[in-house]
Amino acid sequence: MSRAIYFHAPATFARSCVFDGCSGPEAFDQALALRVQDLCGRSLRQASRFIHLAAVGALASVREATPPTSTGVYLATGLGDQRTPARVFAQTRTGPPAVSPFDFVNMNSNTATYYIARLAGLAGPNLTISQGVLSFEWALRQACIAIEEGLGHALVGGVDESAPSIAELERRYRPPPGESPGEGSAWLVLSTEPARAVGRLVDMRWLNAPRAADWQRLHERLVDLVAQGPVFVSSGSHVPRPFVTELVDLLPRATLRTPMADCGDYPTSSAFAVAQGLRDPSSRPATLLHISADGRGRFVTILCHIEHA
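The structure reproduced in this document is the subject of the present report. (Residues numbered from 1 in each chain as written. Predicted model: local features only at pLDDT ≥ 70, side-chain atom pairs only at ≥ 80, totals over all residues. Heavy atoms only, no water.)

### Digging into the pairing of strand S9 (residues 286-293)
Burial runs high along S9: 8 of the 8 residues are buried. Residues Ala286, Leu288, His290 and Ser292 point to one face of S9 and Thr287, Leu289, Ile291 and Ala293 to the other, with burial holding for every one of them. With 5 bridges connecting them, strand S7 (residues 231-235) and S9 associate as parallel partners. For Ser234, the partnering residue across the bridge sits in S9 and is His290. In terms of strand pairing, S9 meets strand S10 (residues 298-306) through 8 bridges, oriented antiparallel. (Buried < 20%, exposed > 50% of the residue type's maximum accessible area, 1.4 Å probe, protein only. Helix = DSSP H or I, 4+ residues; strand = E, 2+ residues; numbered from the N terminus. Pairing = 2+ DSSP bridges.)

Listed below in structure tokens is the structure:
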């Protein structure tokens, strides 16, 4: 990276954040709508559940960071709106009542990005990015490129909602055995300004079918950072568990984080892991390493320095 990029105002929202994972979906949906109303000052009556989920994290991050109107919005999602299409397809098969025209608009995941920009008053670039389990990583990469090319601020997040049925979720997204399906909304404001930053992006690497030498270079890089403080390691569900365990064991001051215990497994849960790690006051100062994989030999490493509170 040619310019230092800083993280501001990490915001996370998942069912466990509200109810400690012990309440049903109806109560979560109600809390979701009320939180959005509190953030933007009005009810989004015609918006879908996916839009509410995206807005709750994005608006919380914007409220805290107060970025300029030129800020770009980069929304990552692996699944997009799940419940609106299911409802529309069911209604078109069974007949009346007629499908609401708002449902056709809300089925397009770009609509959520539009809502965020309009509600937050942001007029910068506006992109919805979907690249499977690496959707957030692609969004973060595109935002960093835009900042290096002159964009002052970017709002970047990952949003996915659970499918209305386990069978549909298994068809669209296959979580590894033992992982519980989840959903969440996690956002960060990026800029080149260090003031009020909670962290700094140190390195981001894309490894295609990495060899032993690639991991050795990563390990050497981390060893240099260990002397500066503790290292927290988190990983996506498609990263082989033995590799993560070995990496933590090799670093004497490394600790494994398990963010999926708070949000469950979903395509953009890496956004939750990074935002959660940056917002944890007990972790400062430290280094945060998050590793993602797509299960097909492609890995992404995000290395951040967590600043003092």
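Text resumes after the structure shown.
### Observations regarding the state of the cysteines
Summed over the entire model, instances satisfying the criterion amount to 0 disulfides. Here Cys144 stays free of any disulfide, with the sulfur of Cys304 as its closest cysteine sulfur at 9.6 Å. Cys304 gets classed as buried once you look at its relative accessible area, which sits at 1%. (Disulfide = S-S within 2.5 Å.)

### Comments concerning the sheet that holds strand S3 (residues 126-129)
Reading across from one edge, S3-S2-S4-S5-S1-S6-S10-S9-S7-S8 is the order of the 10 strands in this open sheet, with mixed pairing throughout. Here the strands that pair on one side only, and so sit at the sheet edges, are S3 and strand S8 (254-256). Taken pair by pair, the neighbouring strands of this sheet meet at an average axis angle of 25 degrees, ignoring direction. Bridge analysis of strand S6 (residues 199-208) against S10 gives 9 bridges, and the strand direction is antiparallel. When the bridges of S10 are listed, Gly199 appears paired with Ile306. Sitting on the sheet, helix H3 (residues 49-65) touches strand S1 (5-13), strand S2 (72-76), strand S4 (153-160) and strand S5 (184-191), and the angle it makes with S5 is about 35 degrees. Here helix H12 (residues 269-279) sits on the sheet and contacts S1, S4, S5, S6, S7, S9 and S10; the angle it forms with S1, its principal contact strand, is near 105 degrees. (Axes fitted to C-alpha atoms, helices over the stretch in contact; angles between N-to-C directions. Contact = heavy atoms within 4.5 Å.)

### Structural notes on H12
Where burial is concerned, most of H12 is hidden: 10 out of the 11 residues are buried. If you check which residues of H12 are buried, you get Ser269, Ser270, Ala271, Phe272, Ala273, Val274, Ala275, Gln276, Gly277 and Leu278.

### Some points on helix H10 (residues 241-250)
When H10 is considered as a whole, its buried residues turn out to be Phe243, Val244, Leu247 and Val248. Projected down its long axis, H10 shows its buried positions confined to an angular sector of 130 degrees, all on one face. When the buried face of H10 is taken as reference, the exposed residues oriented beyond 90 degrees from it are Pro242 and Asp249. (Arc of directions from axis to C-beta.)

### Notes on the environment of Asn208
Tracing the sequence through the fold places Asn208 in strand S6. For Asn208, a relative accessible area of 58% gives the class exposed. Sequence separation between Asn208 and Val300 is 92 residues; the distance between their C-alpha atoms is 8.7 Å. Not counting residues up to four positions away in its chain, the partners in contact with Asn208 are Gly297 and Arg298.

### Describing the pattern of salt bridges
Taken as a whole, this structure holds 8 salt bridges when the rule is applied. Here Asp38 ties to Arg63 by a salt bridge, and the two come within 4.0 Å at their closest N and O atoms. Here the residue Asp38 occupies a position in helix H2 (residues 25-40), and Arg63 occupies one in helix H3, the gap between them amounting to 25 residues. Asp294 is the salt-bridge partner of Arg298, the closest N and O atoms lying 3.4 Å from each other. Members of the salt-bridge network, linked through shared partners, are Asp29, Arg49, Glu161 and Glu183. (Salt bridge = Lys/Arg side-chain N within 4 Å of Asp/Glu carboxyl O.)

### Topic: the side chain of Ser270
Structurally, Ser270 is set in helix H12. Residue class for Ser270 comes out buried when judged on its relative accessible area of 4%. Within the local environment of Ser270, its side chain forms a polar contact with the side chain of Glu137, the two groups lying 2.8 Å apart. (Polar contact = N/O pair within 3.5 Å; in protein donor to acceptor, adjacent residues only side chain to side chain.)

### Describing the packing of aromatic side chains
Under the definition given, this model contains 4 aromatic pairs. Between Trp138 and Trp206 the ring centres are 4.9 Å apart and the planes differ by 55 degrees, which places this aromatic pair in the tilted class. Taken together, the residues Trp138 in helix H7 (residues 135-148) and Trp206 in strand S6 connect sequence positions 68 residues apart. Residue Trp138 is classed as partly exposed on the basis of its relative accessible area, which comes to 22%. Aromatic pair Trp215 and Phe299: ring centres 5.1 Å apart, planes at 85 degrees, arrangement edge-to-face. Of this pair, Trp215 sits in helix H9 (residues 212-226) while Phe299 sits in strand S10; the two residues are 84 residues apart in sequence, bridging distant segments of the chain. You'll find Trp215 and Phe299 in the same group, each marked buried. Ring pairing ties together the aromatic residues Trp215, Phe243 and Phe299, which thus form one cluster. The cationic tip of Arg141 hangs over the ring face of Trp206; the distance from NZ or CZ to the ring centre is 4.9 Å. Across the ring face of Phe232, the terminal group of Arg257 is positioned such that the distance to the ring centre comes to 4.5 Å. (Phe/Tyr/Trp six-rings, centres within 6.5 Å; stacked < 30°, edge-to-face > 60°. Lys NZ or Arg CZ within 6 Å of the ring centre and 35° of its normal.)

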